[in-house]
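# Inside the fold
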Amino acid sequence: EKSGYDHYMLKEIHEQPTALRQCLRGRIDELGGTVDLAELAAIDHDGPVQFVACGTSYHAAMFGAERLRSGGVRAQAFLASEYGIDRVPVDEGTLVVGVTQSGETADTLRALREADRAGATTLAVTNTVGSSAARECDHALYIRAGPEIGVAATKTFASQQLALALLAFELGDGPTRGELEALRDIPGQVQTVLETTTARAVAEAFVDADAYFFVGRGYHYPVALEGALKMKEITYRHAEGFASGELKHGPLALVTETTPVFAIVTGDGETARKTIGNVKEVEARDAPVVAITDGESDVTRYADYVLEIPAVDDISASVLANVQLQLVAYWVANLLGRSIDKPRNLAKSVTVE
Ligand code: M6R
């Protein structure tokens, strides 16, 4: 069942190239330079978009909202448990997108139902055909990741990222040829990361750390949050993710020589330059720095360890960086002998609000 892997989580991490190819299959027309989401043919939407989701799916929704905004769409991500039509303006012109792997998360279903009652158009981005979200929403977009057994969401997060990148082209500016090629190349790049990763050595170096911090900016901010969530749920260790720029507004007080800071820095543009500035602040406090980077910037000068990913645009890089963080969390949990596939107190599908 686990195909030779010790845990479903590790198997599912390694299934990501396949899952992502399935997500893209038949949806990209490179010759024509278009994205074709057959399920969404009936959507004709040019108003605001609100994402509602929980946990890992919320991090994917944050990524999706950022992606839509850069395609010219007004988009925001909300925690489903904090979403309410009394707090957020919703009307017939709003598209509310529930991002939910299972399609059964109570908070997300409630938010979608509220939005529906307010007249919004609803869309489920889900892995589960026939789920409540898929049945109840006006539209469904399937991420096609295949079944995920481990409680920790891994391949479904990557597939959500890709499906939402496709959705951005459907709702906003259409893709350029280069953007389509970039999407097409992600599964192979994930494979490269899986074959070359040194995440296990990083986990061994920091298995006894007091806490783990993750920082990123732009598309890498949700990945920093996701890296921390993966770490806390399967290792039971304290982990937190921050927007890089927020470090100096408080969290820096927690940073010591026993708290490794994982910094996602790709490219050599403004975003990278600013995060490197934050990394320097961390380094000055003697905290170990693990850079998840493509080597395009000089962040490696300040890093104790490097988890390398191929040099690609920030959107693709966020998918690849996340794979490295999944593996670090997995190996720390493995070294600690944790119940990786069924972490304590957690359920795969959360059907109560
Ligand atoms: O099925 P959903 O995507 O709606 O689940 C939402 C969260 O419960 C889920 O993403 C959870 O945070 C992950 N299993 C954590 O790895």
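A short tour of the structure in this document, coming up. (Residues numbered from 1 in each chain as written. Predicted model: local features only at pLDDT ≥ 70, side-chain atom pairs only at ≥ 80, totals over all residues. Heavy atoms only, no water.)

### Side note on the packing of aromatic side chains
Summed over the entire model, instances satisfying the criterion amount to six aromatic pairs. Summarising the aromatic geometry, the rings of F63 and Y219 are spaced 5.6 Å apart at their centres and angled 55° between planes, so their arrangement reads as tilted. Here F63, found in helix α3 (residues 55–70), pairs with Y219, found in the loop between β8 (212–216) and α9 (220–235); they are 156 residues apart in sequence, far enough to count as distant. Judged by relative accessible area, F63 falls into the buried class, the value being 1%. On the basis of relative accessible area, Y219 is assigned to the buried category, the value being 11%. (Phe/Tyr/Trp six-rings, centres within 6.5 Å; stacked < 30°, edge-to-face > 60°. Helix = DSSP H or I, 4+ residues; strand = E, 2+ residues; numbered from the N terminus. Buried < 20%, exposed > 50% of the residue type's maximum accessible area, 1.4 Å probe, protein only.)

### Observations regarding the packing of helix α8 (residues 199–206) against helix α11 (residues 314–335)
Taken N-terminus to C-terminus, the directions of α8 and α11 make an angle of 50°; their axes are 8 Å apart at the nearest point. By the criterion of interaxial angle, the relationship of α8 to α11 is oblique. Seen from above, α8 lies across α11 with right-handed handedness. Only Q324, L327, V328, W331, V332 and L335 of α11 make contact with α8, whose side of the interface consists of A199, R200, V202, A203 and E204. Looking at the contact of α8 with α11 residue by residue, the classes come out as eight nonpolar, one polar and two charged. (Axes fitted to C-alpha atoms, helices over the stretch in contact; angles between N-to-C directions. Parallel < 35°, antiparallel > 145°, perpendicular 65-115°, else oblique. Left-handed = near helix turned anticlockwise from the far one by under 90°. Contact = heavy atoms within 4.5 Å. Nonpolar A, V, L, I, M, F, W, Y, C, P; charged D, E, K, R; others polar.)

### Here's the deal with the site of the ligand
What surrounds the ligand is a group of 13 residues, the closest being S57, T100, S102, T105 and E233. Protein chains shield 90% of the accessible area of the ligand, which is 410 Å² for the free molecule. Elements with a contribution of two residues or more to the shell around the ligand: α3 and α9. Here the shell around the ligand takes three residues from α3, the largest share from any one element. A class-by-class count of the residues in the shell around the ligand yields four nonpolar, seven polar and two charged. (Near = heavy atom within 4 Å. Areas by Shrake-Rupley, 256 points an atom, 1.4 Å probe, with all protein chains shown as cover.)

### Focus on the sheet that holds strand β9 (residues 239–243)
If you trace the five strands from one edge of the open sheet to the other, you get β9-β8-β10-β11-β12, paired in parallel fashion. With partners counted over all chains shown, the strands left at the sheet margins are β9 and β12 (305–308), one partner each. Shown here is a sheet whose adjacent strand axes are inclined to one another by a mean of 20°, direction ignored. Taken strand by strand, helix α10 (residues 270–283) contacts β10 (261–265) and β11 (289–293), and its axis lies near 165° from that of β10. α11 rests against β8, β10, β11 and β12 of the sheet, and its axis sits at about 160° to β10. (Pairing = 2+ DSSP bridges.)

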